[in-house]
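This is what each chain is made of:
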Amino acid sequence: MTRKTVKVDVLARVEGEGALKVVLRDGKVESAEFNIFEPPRFFEAFLRGRHFVETPDIVARICGICPIAYQMSGVHALENLLGVKVEGPLRDLRRLIYCGEWIESHVLHIYMLHAPDFLGYDGGVQMARDHGDAVKRGLQLKKVGNEILQLLGGREIHPVNVRVGGFHRAPRKRELAPLAEKLKWAREAALETARWVATFDFPERERDYTFVTLRHPDEYPFNEGRIVSNKGLDISAAEYDAHFEETHVAHSTALHSHLRDGGGAYLTGPMARYNLAFEQLSALAKETAREIGLGESCRNPYRSIMVRAVETIYACDEALRVIENYEQPDRPFVPVEPRAGVGHAATEAPRGMLYHRYQIDDAGTIADAQIVPPTSQNQACLEEDLIDIIGGFSDLPHKELQYRCEQTVRNYDPCISCATHFLKLEIDRG
Amino acid sequence: MTQGRVVVIGVGNLDRGDDAAGREVARRLRAAGERHAEILELEGEATGILAALEKAETAFLVDACFSGAPAGAIHRFDAAEGLPAHTNFSLSSHGFGLAEAVELAKALGALPLRCIVYAIEGESFEISKPVSAAVTRAIEEVAMHVRDEIHALLRRE
């Protein structure tokens, strides 16, 4: 019996610190562990005892890359609890700010973290020496996403303009006009990005994933909708805990999510959204997807870089739609009053579904909070990919196999920084 | 300002102990009314730093680092000459920070004419912990050095 171990002590080009261990026996993957050893971050505990209105500012600090996703899930969960509905231009502004974050996050991943895998570079810096024009295009494109965040979020780091019920300040129509011009350029750049990544050489592997995403009757999923899967799941966010469970595993400080009752691992994120909501993409995004050979569904995880590029086109289109239709609202927020209860929401962070649950008392103090980021939800699926997919590449020389393993992890754009939770301390006193 | 755009970029996370050093330097300079430079604070993601360097003729990048030197030690590097490999800049948990920004700027020919990196040796990068005493002293000192360097540039005009 031959036994081979592929060990990557510190994974490069993923956000946060993680490692990987894959054990092969006779060419078959025996086990795969995606190790998360980033220190715990205690955010759920930080929230307890704070007033609910502080939530957007606290959760924005969970991630420097995707603060909006945390803010959006947080405010939606609290509005759900308080019985508040945010509609019209304020709702549209939320889609707009989310577009900014999708553009930023997708483009950073495509150009700096994932493309080097396909072009044979150790990283974005090395790639930039030979592909300077492409990298400059990516950086410029990312900046447009950043400008949306800056304008609507109030500042670049840890946006402060989002509040429960809407925004502290709504932009004037004329403030958005310069953004529209930049977005028109960005849409072209996103189109070029899609055509560029389509030229990469993709390993041909597919899996029968359980895709989980939000579904809205009229829109490509961002802020709200029912939680659905391609295997029959169709629930409200309030039913999340009844259908999903998080478990501790010894090798990780992040929790593993599964569907209850043997539903197993599931995939959330761009691939899930794309497969379940293709029809709701903009006309240009759909047309481009067809042009670059992606088709209406995609089960090859290595092609997720193409899906991200198509979603970037969509985000530019959607941002332009919002700006063109925007009329400044009379008031930037809907008033909210505290009342005791529990509220739930899920939104679509760039990397996938992000679920929040809050319990508050009559005074508005948070008694309990639960935050399940996409990387935790995808972790079990990622390990299944390593077992299933890497099994097909076990004949590769060690170094290439190791690289393929790392590439497989990067397909997910995991944000280990976000995924890390404090482990519950369990004491068995016999 | 006649010597081209001068930027000071303080990098770090205010909620992570000594990692706040770079941003605290930026805040000291702003509080002291430094008018000859644009003062920015960033969390440390490389492409954000790169964007901030754009169109600057002179840039001062200030960040916390960990190289094994005593806490509060101040290192000064000229980015054009390269940053030492054994020094970890920015405890950004995203792993794509100041050193990568400098390398990326070089690869793209976008490094400002003068780009000086000040790194302050940190000792504790724990979440929600305050900046240590040794690093607090270094923050004051670096703010003074950066201000002196900016003013020396002005005098040279």
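Up top is the structure.
Below you will find a few notes about this structure. Small disclaimer: the values here were computed from a predicted structure and weren't measured.

1. Let's talk about the overall build of chain B
Scanning chain B from N- to C-terminus turns up 4 helices and 6 strands. Mapped in sequence order, the helices and strands of chain B form the string β-α-β-α-β-β-β-α-β-α. By principal-axis analysis of the C-alpha atoms, chain B measures approximately 40 × 35 × 20 Å. For chain B, the proportion of its 157 residues judged to be buried stands at 54%. Nonlocal contacts in chain B, meaning residues at least 24 apart in sequence, comprise 79% of its contacts between residues at least 6 apart.

2. Observations regarding the side chain of A:Glu383
Residues and elements named next belong to chain A. Mapped onto the elements, Glu383 comes out in helix H12 (residues 374-391). Buried charge without a partner: Glu383 forms no salt bridge, and the closest opposite charge is Arg207, 10 Å away. Sequence-distant contacts of Glu383, that is, excluding residues within four places in its chain, are made with Ala32, Glu33, Phe34, His251 and His256.

3. A short note on the packing of H12(A) against helix H13 (residues 398-410) of chain A
All names here are of chain A. Closest axis-to-axis distance for the H12/H13 pair is 10 Å, and the angle between their directions is 145°. Seen from above, H12 lies across H13 with right-handed handedness. Residues Leu382, Asp385, Leu386 and Ile390 of H12 pack against Leu401, Arg404, Cys405, Thr408 and Val409 of H13. The class makeup of the residues in the contact of H12 with H13 is 6 nonpolar, 1 polar and 2 charged.

4. A short note on the packing of aromatic side chains
Residues and elements named next belong to chain A. Under the defined criterion, the tally for this structure stands at 16 aromatic pairs over all chains. On the basis of an interplanar angle of 15° and a centroid distance of 5.4 Å, the ring pair of Phe118 and Phe200 is categorised as stacked. Taken as a pair, Phe118 in helix H4 (residues 88-119) and Phe200 in the loop between helix H7 (173-197) and strand S6 (211-215) lie far apart in primary sequence, 82 residues in all. Residue Phe200 is classed as buried on the basis of its relative accessible area of 6%. Clustering of aromatic rings is evident, with ring pairs tying together Tyr98, Trp102, Tyr220, Phe222 and Tyr314. Over the face of the ring belonging to Tyr302 we find Arg404, whose NZ or CZ atom lies 5.9 Å from the ring centre. Over the face of the ring belonging to Phe393 we find Arg404, whose NZ or CZ atom lies 4.5 Å from the ring centre.

Rules behind the numbers
- Residues numbered from 1 in each chain as written.
- Chains lettered and ligands numbered in written order.
- Predicted model: local features only at pLDDT ≥ 70, side-chain atom pairs only at ≥ 80, totals over all residues.
- Heavy atoms only, no water.
- Helix = DSSP H or I, 4+ residues; strand = E, 2+ residues; numbered from the N terminus.
- Buried < 20%, exposed > 50% of the residue type's maximum accessible area, 1.4 Å probe, protein only.
- Contact = heavy atoms within 4.5 Å.
- Lys, Arg positive; Asp, Glu negative; His and termini not counted.
- Salt bridge = Lys/Arg side-chain N within 4 Å of Asp/Glu carboxyl O.
- Axes fitted to C-alpha atoms, helices over the stretch in contact; angles between N-to-C directions.
- Left-handed = near helix turned anticlockwise from the far one by under 90°.
- Nonpolar A, V, L, I, M, F, W, Y, C, P; charged D, E, K, R; others polar.
- Phe/Tyr/Trp six-rings, centres within 6.5 Å; stacked < 30°, edge-to-face > 60°.
- Lys NZ or Arg CZ within 6 Å of the ring centre and 35° of its normal.

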